[in-house]
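Each chain, written out:
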Amino acid sequence: MSQLPLRDDLKGMHAYGAPQLDVPYQLNTNENPYGPSPALQKAVADAVAAVAGTLNRYPERDAVALRADLADYLGHGLSAGQVWAANGSNEIIQQLLQAFGGPGRLAMGFEPSYSMHPLISQVTCTGWVAGTRDADYGMSTAAEQVKKQQPDIVFITSPNNPTGTAVPLALIEAVYDMAPGMVIVDEAYAEFGRDGTPSALTLLPGRARLVVTRTMSKAFAAAGTRLGYLAADPAVIEALLLVRLPYHLSTVTQAVARAALAHRDELLSSVTALREQRDALVAWLRGKRFAVADSDANFVLFGMFEDRHKVWQALLDEGVLIRETGPDGWLRVTVGTPGEMAAFRAALTEVLGL
Ligand SMILES: Cc1ncc(COP(=O)(O)O)c(C=O)c1O
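We now turn to the structure provided with this report. This is a predicted model, so every value here is computed, not measured.

Moving on to the pattern of salt bridges. Counted under the stated rule, the structure contains 14 salt bridges. Note that aspartate 8 is salt-bridged to lysine 11, the shortest N-O span being 2.9 Å. Take aspartate 8: its relative accessible area is 62%, and that puts it in the exposed class. Note on lysine 11: relative accessible area 49%, which makes it partly exposed. Its salt-bridge partner being arginine 275, residue aspartate 195 comes within 2.6 Å of it at the nearest N-O pair. Of the two residues, aspartate 195 sits in the loop between β6 (182-186) and β7 (210-215) while arginine 275 sits in helix α9 (residues 264-287), which places them 80 residues apart along the sequence. Taking the relative accessible area as the measure of exposure, aspartate 195 reaches 72% and is therefore exposed.

Right, dumping it as C-alpha cells:
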C-alpha cells in the first residue's frame, strides 16, 4: 500500500476488526448466539424469493415500508418520517458524521467507549475529543466537558460498549442542553437493559438535535443482515438524504429485515434468557473476586489482569474467544447460551487455576 498516493491522515493506520476465528466458543463480538428457527429461516427465504424477480431494478430508495415497520417496533409514537435505516448502525454513524461532522468540525465521546466512533470520525475528517469517565465508568462530568469542548457532535453510548454501563436520562438531557450541536445516543444494546433502564427515545420530542441509533445486530439476532437505524426529528433524516449513497439499502436487505421484524416476538424471546445468563455471569465472576462492571448489555467487562493478553490467549487455546478491549487490565466476554457460559467458566477456572 505504501507505494499508493494514500491520504496522509490514513497512512500508518491498520484495518479495524475483531478476530474472526473458527473456534468452538465465539464470545467476542456481542452477537446473539441463537440462530433463526426453521420457521423464521423459511420466512426469510420466502421474503427473498418474493423480491428475487425484481432484482433487475434498483431498491426502493427511501425504504419507506421498512422504516414504517421499524417505527412500529420502536413505539413512542414514532412514524416512518422519524426513522432512517442503513447497512448496520456503523453506516448510520458514518452518515451522521458525513452530514454533521467533516473538516474543521469536532466529535466527542467518553472513553472507554465504542471504538468506531473515533475511527469513523477520523475517516470522515472529523476531529475527535476523547472525554473521560468516572472511576465506575459513569459520566457525571459529561455536561461540563461538553461545555468546555463545544463539540459539533457528542456520542453517548448507552448501554456503553465495552463497559455495559447505561446512562441516566437526566445526564443525556444535561449534555443536550449544554451541546451546541448534535447529540447521538448509541443504543445498540438497549433491549438488554435491566428493568427500569430508560431509552433516550422518550427524550426525542422537542429536541431537534437529538438522535437515537439502534441495530438489529444484537438483540434481534440479525448481525448478518446488516441493518441499523435511527430515530430523530424528520429534519435530521432530510440532512442524511444529502450524504447517503443512492440505493444504499439493497432490496434483499429490506426484505430480510422486514421478515425479521414480522417475527420479532421469536427473535426477541432470547433477550430474557440472555439477561439472566448475564446476571448469573456477573454474580459468578464477582464470587470469584474479579472486578466486574455493572452491565445492561449482552457482554461483561471483567478484570483486573496484570497481563490480559496472556489470559486472552490461554482462553483461546481452550477454544474460547473473548475480546481484548477496553481499559488496560480488563477483558470483555459476550453472553452466550448456558452451554457457552459453562464452557467459558470452565476455561477461565482452568486457565487461572481458580
Ligand atoms: C455501541 C455499538 N454501536 C454500534 C455497533 C455497530 O453495530 P452494527 O453496525 O452491526 O449495527 C456496535 C457493534 O458492536 C456497538 O457495540
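Text resumes after the structure shown.
Further remarks concern the nonpolar core. Core analysis: the largest hydrophobic core is formed by 46 residues, its most contacted members being Leu66, Leu70, Ile172, Val175, Met216 and Leu227. Core analysis: the next-biggest nonpolar cluster, separate from the first, contains 32 residues, Leu27, Val292, Ala297 and Met341 among them.

This part is about the packing of helix α3 (residues 88-100) against helix α4 (residues 116-123). Interhelical geometry of α3 versus α4 gives an angle of 45° and a closest axis separation of 10 Å. Compared by their axis directions, α3 and α4 come out oblique. For α3 against α4, the interelement crossing comes out right-handed. Side by side, α3 and α4 meet where Asn90, Ile93, Gln94 and Leu97 of the first sit next to Met116, His117, Ile120 and Ser121 of the second. Taken together, the residues of the contact of α3 with α4 break down into 4 nonpolar, 4 polar and no charged.

On to the packing of helix α1 (residues 38-52) against helix α8 (residues 251-262). Packing of α1 against α8 brings their axes to within 9 Å, and their N-to-C directions diverge by 145°. The chirality of how α1 crosses α8 is right-handed. From α1, Leu40, Ala43, Val44, Ala47, Val48 and Val51 reach across to α8, where they touch Thr251, Val252, Ala255, Val256 and Ala259. Within the contact of α1 with α8, the residues separate by chemical class into 10 nonpolar, 1 polar and no charged.

This part is about the sheet that holds strand β8 (residues 228-232). Within a sheet, neighbouring strands are paired by backbone hydrogen bonds and run either parallel or antiparallel to one another. A sheet is described by the order of its strands in space; here 7 strands give the open sequence β2-β8-β7-β6-β5-β3-β4, paired in mixed fashion. Of all strands in the sheet, those bounded by a partner on one side alone are β2 (83-86) and β4 (127-131). Strand-to-strand, the axes of this sheet are offset by a mean angle of 20°, without reference to chain direction. Pairing of β2 with β8 involves 4 bridges; the strand directions are antiparallel. Across the sheet, the residue bridging to tryptophan 84 is leucine 230, located in β8. Most of the contacts of helix α5 (residues 142-149) go to strand β3 (residues 106-110), to which it runs at about 160°, and overall it touches β3, β4 and β5 (153-157). Sheet strands in contact with helix α7 (residues 234-243) are β2, β6, β7 and β8, and its direction is about 135° off that of β8.

Taken together, 13 residues surround the ligand, and among them Ser89, Tyr189, Thr215, Ser217 and Arg226 come closest. Note that an oxygen atom of the ligand is positioned 2.8 Å from one of the side-chain N or O atoms of asparagine 161. In this structure, serine 217 approaches the ligand through a side-chain N or O atom, which is 2.6 Å from an oxygen atom. Compared with its free state, where it exposes 400 Å², the ligand has 92% of that area covered by protein. Broken down by element, the residue count for the shell around the ligand peaks at 3 residues, all from α3. Of the residues that constitute the shell around the ligand, the class distribution is 3 nonpolar, 7 polar and 3 charged.

What counts as what
- Residues numbered from 1 in each chain as written.
- Predicted model: local features only at pLDDT ≥ 70, side-chain atom pairs only at ≥ 80, totals over all residues.
- Heavy atoms only, no water.
- Salt bridge = Lys/Arg side-chain N within 4 Å of Asp/Glu carboxyl O.
- Buried < 20%, exposed > 50% of the residue type's maximum accessible area, 1.4 Å probe, protein only.
- Helix = DSSP H or I, 4+ residues; strand = E, 2+ residues; numbered from the N terminus.
- Core = buried A, V, L, I, M, F, W, Y, C linked by side-chain atoms within 4.5 Å.
- Axes fitted to C-alpha atoms, helices over the stretch in contact; angles between N-to-C directions.
- Parallel < 35°, antiparallel > 145°, perpendicular 65-115°, else oblique.
- Left-handed = near helix turned anticlockwise from the far one by under 90°.
- Contact = heavy atoms within 4.5 Å.
- Nonpolar A, V, L, I, M, F, W, Y, C, P; charged D, E, K, R; others polar.
- Pairing = 2+ DSSP bridges.
- Near = heavy atom within 4 Å.
- Polar contact = N/O pair within 3.5 Å; in protein donor to acceptor, adjacent residues only side chain to side chain.
- Areas by Shrake-Rupley, 256 points an atom, 1.4 Å probe, with all protein chains shown as cover.

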